[in-house]
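Listed here are the chains, written in short residue letters.
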Amino acid sequence: MVPRLLLRAWPRGPAVGPGAPSRPLSAGSGPGQYLQRSIVPTMHYQDSLPRLPIPKLEDTIRRYLSAQKPLLDDGQFRKTEQFCKNFENGIGKELHEQLVAQDKQNKHTSYISGPWFDMYLSARDSVVLNFNPFMAFNPDPKSDYNDQLTRATNMTVSAIRFLKTLRDGLLEPEVFHLNPAKSDTDTFKRLIRFVPSSLSWYGAYLVNAYPLDMSQYFRLFNSTRLPKPSRDELFTDDKARHLLVLRKGNFYIFDVLDQDGNIVSPSEIQAHLKYILSDSSPAPEFPLAYLTSENRDIWAELRQKLMSSGNEESLRKVDSAVFCLCLDDFPIKDLVHLSHNMLHGDGTNRWFDKSFNLIIAKDGSAAVHFEHSWGDGVAVLRFFNEVFKDSTQIPAITPQSQPATADSTVTVQKLNFKLTDALKTGITAAKEKFDATMKTLTIDCLQFQRGGKEFLKKQKLSPDAVAQLAFQMAFLRQYGQTVATYESCSTAAFKHGRTETIRPASIYTKRCSEAFVREPSRHSAGELQQMMVECSKYHGQLTKEAAMGQGFDRHLFALRHLAAAKGIILPELYLDPAYGQINHNVLSTSTLSSPAVNLGGFAPVVSDGFGVGYAVHGNWIGCNVSSYPGRNAREFLQCVEKALEDMFDALEGKSIKS
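Residues numbered from 1 in each chain as written. Predicted model: local features only at pLDDT ≥ 70, side-chain atom pairs only at ≥ 80, totals over all residues. Heavy atoms only, no water.

### Details of the overall build of the chain
Now for step 1: Each helix and strand in the chain was counted, giving 22 helices and 18 strands.
Now for step 2: Expected size for 658 residues packed as a compact globule is a radius of gyration near 26 Å; at 25 Å, the chain falls within 12% of this value.
Now for step 3: Along the first, second and third principal axes, the C-alpha set of the chain runs to 75 × 60 × 55 Å.
Now for step 4: Scored against the burial criterion, the 658 residues of the chain give a buried share of 60%.
Now for step 5: Within the chain, contacts between residues separated by at least 24 positions form 79% of all contacts whose residues are at least 6 apart in sequence. (Helix = DSSP H or I, 4+ residues; strand = E, 2+ residues; numbered from the N terminus. Rg over C-alpha atoms; globule rule 2.2 N^0.38 Å. Buried < 20%, exposed > 50% of the residue type's maximum accessible area, 1.4 Å probe, protein only. Contact = heavy atoms within 4.5 Å.)

This is the structure:
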């Protein structure tokens, strides 16, 4: 079985280099049709973006062996070293040369883009838990705006404003500014807009600004992943003007753009949403949405049956809708309930194949749940940030606003699906499978309040490195070993870049973790501090390399993909148990930092793993962990908390208690 790589990436904090942005929320341009009117056209930099480099084969092998070192004993490591040597001097060299030649023939894209789409779209597992993550919004700072109808209206209008701003080329290009005082200014923007697109990237580079790839943005709207036998397809219809709304498993559509492409008045959108919220129709006996949680081949077969049973037009409306708004009929109890609801819910009120679902609960708690094959966190987080800022600072309606006197009975169309016995059986089986799987997932949260980014930066430590070190210490304390760890990093600084892997488990983190966990009394606070500094430096190096496309994971993945495409027998390196082990990511981790985000999360990527979503804030550290039976998320978080306490003690010169 092919070991599955973690398939998600969220932008990282601003200290990690040009591949991984955390942009400030942009200034709005007042209520109306647009969020902003950028001086520089949205796609101005796209043509001149640099291409994703293919690392040198010897560098990839060296980095791969460094990442294997903490995971293998001496005997295993020597065997893996031999596999690497044979690969580098033999078939690997040939494959690398072919990959480089192929890349030169395809200058419009990156070497990883095709294989990465293939890997996602060919995966047959359910997209729920295996691929789709969520990001939850902070509440609206004005508490009365968290009323479900008010927030749903405001967020919908802001989302459509984003769509219009993007399509009309008025959305600020996504740029990572290393020196915002020089590059993030009207003066620079007025100048750069006149530089031809084919050269514009170089102009930005001269002032230490790094424009990012925006090729994924068009898939945000009117897009759906369609199940097909053996390989799914991405579908986009940007002519469609309607919103899809799900409530109690019922499907509704109404236009949010008029025939001229302008946004329907917010009071009219409010009226239609109010009408949907007051509809007393019961939940359907056979909720269709369960099918999107199925194995992809089973869902592909059932979709064909749906089409041939007279549902083609209704399915087309679902697939082409600008996005899916899910209105849940209950309030959120706590962070754990929030995570479960936004990650999977009860299966009846989501269309998991849609590019994203905007979910709003009864108490106004809101989140974006997104399908992952079409794109990564950079596009989604930008959308998320802009929608939060616009809907909270320039809301389209107030809690006192009156809905328009529109005839929603005519405008809002409820979609009805004709179900045969075979389809009803399929839905029932999907529901049983869904319910059984969700019961196995545990989620728990930690908020470490003793300090965060500010304190750690004063200690000259990378906040991300400290968080990752805490996970290494926690796993060592809980299970007595060091395991394969994955941290996602965006490579959006390059044309059609996707993600690269940072491998946080290193010989440095292993040594430091063992000192803290197994023999703290043998080391002074100063010695422990010095070990933390070493870990931080090395983690910083790995992060920069990954952001610049200089990891090893994507290169080895592309070489393997090429071998399979050419019918070449799988090289020994990929059959080595150590290769399987390092790609069995027991700790899969991802961080995001934004004033709009409450928390984000995802499921483990392997059955005996943890899914670790985390964020290092100014004065606290948040962590959201998921696990399946056999691993214990709560115990792991207790060990993470102990690790953070110990590190903070060491940094304050205190001795560590075992």
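Further notes follow.
### A closer look at the UniProt feature "domain: Choline/carnitine acyltransferase" (unreviewed entry) in the chain
Now for step 1: Within the UniProt annotation, "domain: Choline/carnitine acyltransferase" (unreviewed entry) is assigned to residues 52–642.
Now for step 2: End C-alpha atoms of residues 52–642 are separated by 40 Å, and the span's content is 46% helix alongside 15% strand. (UniProt positions renumbered as here; feature names shortened; annotations may be inferred.)

### Quick look at the side chain of S320
Now for step 1: Along the chain, S320 turns up in helix α10 (residues 296–320).
Now for step 2: Not counting the four nearest positions on each side in its chain, S320 is found in contact with N222, F235, D237, A240, H242 and K354.

### Here we look at the pattern of salt bridges
Now for step 1: With the rule as written, the count across this model stands at 41 salt bridges.
Now for step 2: R225 is the partner of E371 in a salt bridge, and the nearest nitrogen-oxygen pair spans 3.0 Å. With E371 in the loop between β10 (366–370) and α12 (377–393) and R225 in strand β4 (residues 223–226), this residue pair connects regions lying 146 residues apart in the sequence.
Now for step 3: For R225, a relative accessible area of 1% corresponds to the buried category.
Now for step 4: Here K433 ties to E294 by a salt bridge, and the two come within 2.9 Å at their closest N and O atoms. One end of the pair, K433, is in helix α14 (residues 421–439); the other, E294, is in the loop between α9 (266–277) and α10, with 139 residues separating them in the sequence.
Now for step 5: Taken together, the shared-partner salt bridges connect R124, R225, D232, R296, D297, D353 and E371 into one network. (Salt bridge = Lys/Arg side-chain N within 4 Å of Asp/Glu carboxyl O.)

### Here we look at the pairing of strand β15 (residues 587–591)
Now for step 1: Burial analysis of β15 places five of its five residues in the buried class, the great majority of the element.
Now for step 2: By the alternation rule, side chains of β15 split into L587, T589 and T591 and S588 and S590, which are all buried.
Now for step 3: As paired elements, strand β13 (residues 485–490) and β15 share three bridges and run parallel to each other. By the bridge assignment, T485 is partnered in β15 with L587.
Now for step 4: Note that β15 and strand β17 (residues 610–616) share five bridges and pair parallel. Bridging across to β17, T589 finds its partner in V612. (Pairing = 2+ DSSP bridges.)

### Here we look at the environment of I582
Now for step 1: Locating I582 in the fold gives a position in helix α21 (residues 577–582).
Now for step 2: Along the backbone, I582 and G611 are 29 residues apart, and their C-alpha atoms lie at a distance of 16 Å.
Now for step 3: Excluding residues that lie within four positions of it along the chain, I582 makes contacts with Y64, A67, Q68, L71, A484, R503 and F552.

### Side note on the sheet that holds strand β6 (residues 242–247)
Now for step 1: Strand order across the open sheet formed by eight strands is β11-β7-β6-β8-β9-β10-β1-β16, with mixed pairing between neighbours. Two strands lie at the open edges of the sheet, namely β11 (413–415) and β16 (597–601), each paired on one side alone. Looking at each pair of strands side by side, their axes are set apart by 25° on average, direction ignored.
Now for step 2: With three bridges joining them, strand β1 (residues 134–137) and β10 adopt antiparallel strand pairing. Within β10, the residue paired with F134 across the bridge is H369.
Now for step 3: Packed on one face of the sheet, α10 meets β6, β7 (250–255) and β11 and runs near 110° to β11.
Now for step 4: Lying over the sheet, helix α11 (residues 335–343) contacts β1, β9 (356–360), β10 and β16, oriented at roughly 60° with respect to β16. (Axes fitted to C-alpha atoms, helices over the stretch in contact; angles between N-to-C directions.)

### Regarding the sheet that holds strand β18 (residues 621–627)
Now for step 1: Across the sheet, which stays open at both edges, the six strands sit in the order β12-β18-β17-β15-β13-β14 with mixed pairing between neighbours. Each edge of the open sheet is held by one strand with a lone partner, namely β12 (442–448) and β14 (499–502). Averaged over all pairs of adjacent strands, the angle between strand axes in this sheet comes to 25°, irrespective of strand direction.
Now for step 2: Here four bridges tie β13 to β14, and the two strands are oriented antiparallel to one another. If you follow C489 over to β14, its bridge partner there is E500.
Now for step 3: Contacts from helix α19 (residues 553–565) reach β13 and β14 within the one sheet, and its direction differs from that of β14 by about 120°.

### Brief notes about the packing of aromatic side chains
Now for step 1: Evaluation of the coordinates by the stated rule reveals 31 aromatic pairs.
Now for step 2: When the centroid spacing of 6.3 Å and the interplanar angle of 50° are considered together, the rings of Y64 and Y579 count as tilted. Of this pair, Y64 sits in helix α1 (residues 57–68) while Y579 is found in helix α21, placing the two residues 515 residues apart along the sequence.
Now for step 3: By relative accessible area, which is 0% here, Y64 ends up buried.
Now for step 4: The interplanar angle of 80° and the centroid separation of 6.4 Å between the aromatic rings of F475 and F610 together place this pair among those described as edge-to-face. (Phe/Tyr/Trp six-rings, centres within 6.5 Å; stacked < 30°, edge-to-face > 60°.)

### Focus: the pairing of β4
Now for step 1: Neither face of β4 is open: one carries S223 and R225, the other T224 and L226, and all of them are buried.
Now for step 2: Direction of pairing for β4 relative to strand β5 (residues 233–236): antiparallel, over a ladder of four bridges. Across the sheet, the residue bridging to R225 is L234, located in β5.
Now for step 3: Two successive antiparallel strands, β4 and β5, enclose a turn made up of six residues, where S230 displays a positive phi of approximately 70°.

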